[in-house]
Every structure is written in C-alpha cells, then in structure tokens.
Amino acid sequence: MQLHSFFNSSTSYRVRIALALKGLPYEYLPVNLRKQEQRAADYVAKNPSAGVPLLIDGDTQLSQSLAIVDYLDATHPEPRLIPAGTLERARVLELSDAISCDIHPVNNMRILRYLQDVLGASEEQKNAWYHHWIREGMTAVEALLARHGHGAYCYGDAPTLADCCLVPQMANAQRMGCDLSAYPRAMRVYEHCNAQPAFQQAAPTQQPDYTK
C-alpha cells in the first residue's frame, strides 16, 4: 500500500492512525500542501479532490479518510474500527461525522488560506474564525461523549474511528492556540490515545516530511 500524506493534515493523520492500529505497512509519499503540490496535474489525475490523503492499494485508489478507514475495515477487519453492531456503529459515526463534517471542513488549510488570500481577513480574524468553529464543534463532541462515551477511548476500551478523528482535531486545535479546558472528557481520551504506541507512530512529528 501507498499513502499520499502531509504530516500536518488531520485527514491524513486519521488514516495513519488506522493503519498503525491495524499494523499495516505502507509506503509514505509526502504531498506538501504548503507548496500546493496537491494541485499538480499528475496528482489531480489520481485524486480529483486535490487533497490528502490518497490511499493506493493495488488497483484501488481512495481519497477520503472515512472511506479509506471503512475500506481498511473491510479488507483488514482486525481490529475493527467501525463497529458492526447497529447502535454502536451509529454512535461511532455520529461523533466521527461531528468532527469530519462540522469542524474540519470550515477550518482546514485551504479555507483558512482563502479567508486571508482572497477575502483579505487578517491573522486575528482568521484565528477568531478557527476558534469559533472549534468552540461550536467541540461543545457538541463533548456533549456526545458525556452522554454516550465510556471507557478509556471515546466508546469503550478499544479505539474506533471516533478516536481516529478526535485525536487529529484536538492536536490541530492545540496547535492553533485554542482553549480546550471546556472539554475534559475529550481531553482525557486525547491524552490516553497519545500514550498508545499506534497513535504515537501516526503523530505528525514522526512523519518523514515533518518540519516545524
């Protein structure tokens, strides 16, 4: 398998966590988002979304992180990251979607760049935008965890897709200077995950293209 990835991409980070949890080896192919390498014609030919991650497994190419994890669950089912049980699956997807659909799309690099480069937002305005959507989204995530979360991870004593989504989002929020003290349940899960080898292996600082 090959993974086109950028060390600081939270969507790539999700997939790296999933691959590490499943113990799957892969070739890391860096795509520098800061240099707009994802917009190169040869890359867009493989990934029309012009982003990362992109997983290549034989003749299969997948470009959306949640679809990739679902594919990995189907092709390498142990450990399972999206539960098979109806309600358990729905709970994991509910929290994963709260992060991947409500928080990430409005706060990723291309949106922040558009705010500044096209709309003329200042650094302060860009940061205010980012912090606002973190507060909105993480308030919902914390409520979901308080209502249904249990165990050391988001849902139980084994990691799921929800943890694969939560950890990168919390890491990015910390990097952007967000106050996360209002989300104690999420922070406990985040800290527990970061103490585990698979999550450490997937961390941005451990990637071959990492730069400060």
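Per chain, residue numbering runs from 1 following the sequence as it is written. Where totals are concerned, whole chains, interfaces and linings use all residues; where local detail is concerned, this predicted model gives features only for residues with pLDDT of at least 70, and gives and counts side-chain atom pairs only at 80 or more. To obtain the side-chain values, all non-hydrogen atoms of the structure were used and water was disregarded.

**Concerning the UniProt feature "domain: GST C-terminal" (unreviewed entry) in the protein chain**
Reasoning step 1: Cross-referencing UniProt, the feature "domain: GST C-terminal" (unreviewed entry) maps to residues 85–212 in the present numbering.
Reasoning step 2: The span residues 85–212 is 70% helical and 0% strand by assignment, and the distance between its end C-alpha atoms comes to 42 Å. UniProt positions are given in the numbering used here, feature names are shortened, and annotations may be inferred rather than shown by experiment. Each helix is a run of DSSP H or I of at least 4 residues and each strand a run of E of at least 2, with the numbering of both proceeding from the N terminus.

**Things to note about the nonpolar core**
Reasoning step 1: Among buried residues, those of type Ala, Val, Leu, Ile, Met, Phe, Trp, Tyr and Cys that are joined through side-chain atoms within 4.5 Å constitute a nonpolar core. Think of it in three bands: with a 1.4 Å probe and only protein chains considered, a residue is buried below 20% of the maximum accessible area for its type, exposed above 50%, and partly exposed in between. Leu95, Met138, Val141 and Leu166 are the most contacted members of the largest nonpolar core, which totals 55 residues.
Reasoning step 2: Counting residues per element, the ones that place at least two in this core are α1 (10–22), α3 (65–75), α4 (86–107), α5 (109–117), α6 (123–148), α7 (161–175), α8 (184–194) and α9 (197–202).
Reasoning step 3: Per-element tally for this core: the top contributor is α7, with nine residues.
Reasoning step 4: In this analysis, two residues are considered to be in contact whenever any of their non-hydrogen atoms come within 4.5 Å of each other. Apart from residues no more than four positions distant in its own chain, Leu95 is found in contact with Val141, Leu144, Leu145, Cys154, Tyr155 and Ala162.
Reasoning step 5: One finds Phe6, Phe7, Tyr28 and Val31 within the second-largest nonpolar core, a separate group that totals nine residues.

**What to know about the UniProt feature "domain: GST N-terminal" (unreviewed entry) in the protein chain**
Reasoning step 1: Per the UniProt entry, the sites bearing "domain: GST N-terminal" (unreviewed entry) are residues 1–80 in this numbering.
Reasoning step 2: Secondary structure across residues 1–80 divides into 38% helix and 19% strand, with the first and last C-alpha atoms of the span separated by 19 Å.

**Details of the pattern of salt bridges**
Reasoning step 1: Salt bridges are defined as contacts in which a side-chain nitrogen from Lys or Arg sits within 4 Å of a carboxyl oxygen from Asp or Glu. Under the definition given, this model contains three salt bridges.
Reasoning step 2: Where Arg91 meets Glu94, a salt bridge forms, and the shortest distance between an N and an O atom there is 3.2 Å. With Arg91 and Glu94 both in helix α4 and three residues apart, the pair spans about one turn of that helix.
Reasoning step 3: Glu123 is the partner of Lys126 in a salt bridge, and the nearest nitrogen-oxygen pair spans 3.2 Å. On the criterion of helical spacing, the pair formed by Lys126 and Glu123 is a turn pair, its members being three residues apart in helix α6.
Reasoning step 4: For Glu123, a relative accessible area of 40% translates into the label partly exposed.

**With respect to the environment of Tyr190**
Reasoning step 1: One can find Tyr190 in helix α8.
Reasoning step 2: Its relative accessible area of 8% is what places Tyr190 among the buried residues.
Reasoning step 3: The sequence separation of Tyr190 and Gly51 amounts to 139 residues, and the corresponding C-alpha distance is 25 Å.
Reasoning step 4: If sequence neighbours within four positions are ignored, Tyr190 has contacts with Val167, Met170, Ala171 and Gln174.

**Quick look at the packing of α6 against α7**
Angle between the axes and distance between the axes: these two values describe a pair of packed helices.
Reasoning step 1: Where α6 contacts α7, the two axes come as close as 11 Å, and the packing angle between them is 145°. For the pair α6 and α7, the sense of crossing is left-handed. Contacts between α6 and α7 involve Tyr130, Ile134, Met138 and Val141 from the first element and Leu166, Gln169, Met170, Asn172 and Ala173 from the second. An axis is simply a line fitted to the C-alpha atoms; with a helix, the fit covers only the stretch in contact. Between two such axes, the angle follows the N-to-C directions and lies from 0 to 180 degrees. By convention, the crossing between two helices is left-handed when the near helix turns anticlockwise from the far helix through less than a right angle, and right-handed when the turn is clockwise.

**Quick word on the packing of aromatic side chains**
Any pair of aromatic rings gets described here by the distance separating the centres and the angle formed by the planes.
Reasoning step 1: A pair of Phe, Tyr and Trp rings is counted when the ring centres sit within 6.5 Å of each other, with Trp represented by its six-membered ring. The angle between the planes then sorts it: under 30 degrees is stacked, over 60 is edge-to-face, the rest tilted. One pass over the structure, following the stated rule, counts three aromatic pairs.
Reasoning step 2: Arranged with centres 4.8 Å apart and planes meeting at 55°, the rings of Phe6 and Phe7 form a pair that is tilted. Phe7 carries the same exposure label as Phe6, and that label is buried.
Reasoning step 3: Pairing Phe7 with Tyr210 gives two aromatic rings, centres 5.3 Å apart and planes at 85°, and the pair type is edge-to-face. Taken together, the residues Phe7 in the loop between β1 (2–5) and α1 and Tyr210 in the segment after α9 connect sequence positions 203 residues apart.

**Some details on α6**
Reasoning step 1: In this scheme, a helix's expected span is set at 1.5 Å multiplied by one less than its residue total. Relative to the 38 Å expected for 26 residues at 1.5 Å per residue, α6 spans 37 Å between its end C-alpha atoms, a close match to the ideal helical length.
Reasoning step 2: All of the buried residues in α6 are Lys126, Tyr130, Ile134, Gly137, Met138, Val141, Glu142, Leu144 and Leu145.
Reasoning step 3: If you follow the buried residues of α6, they end up packed against α4, α5, α7 and α8.

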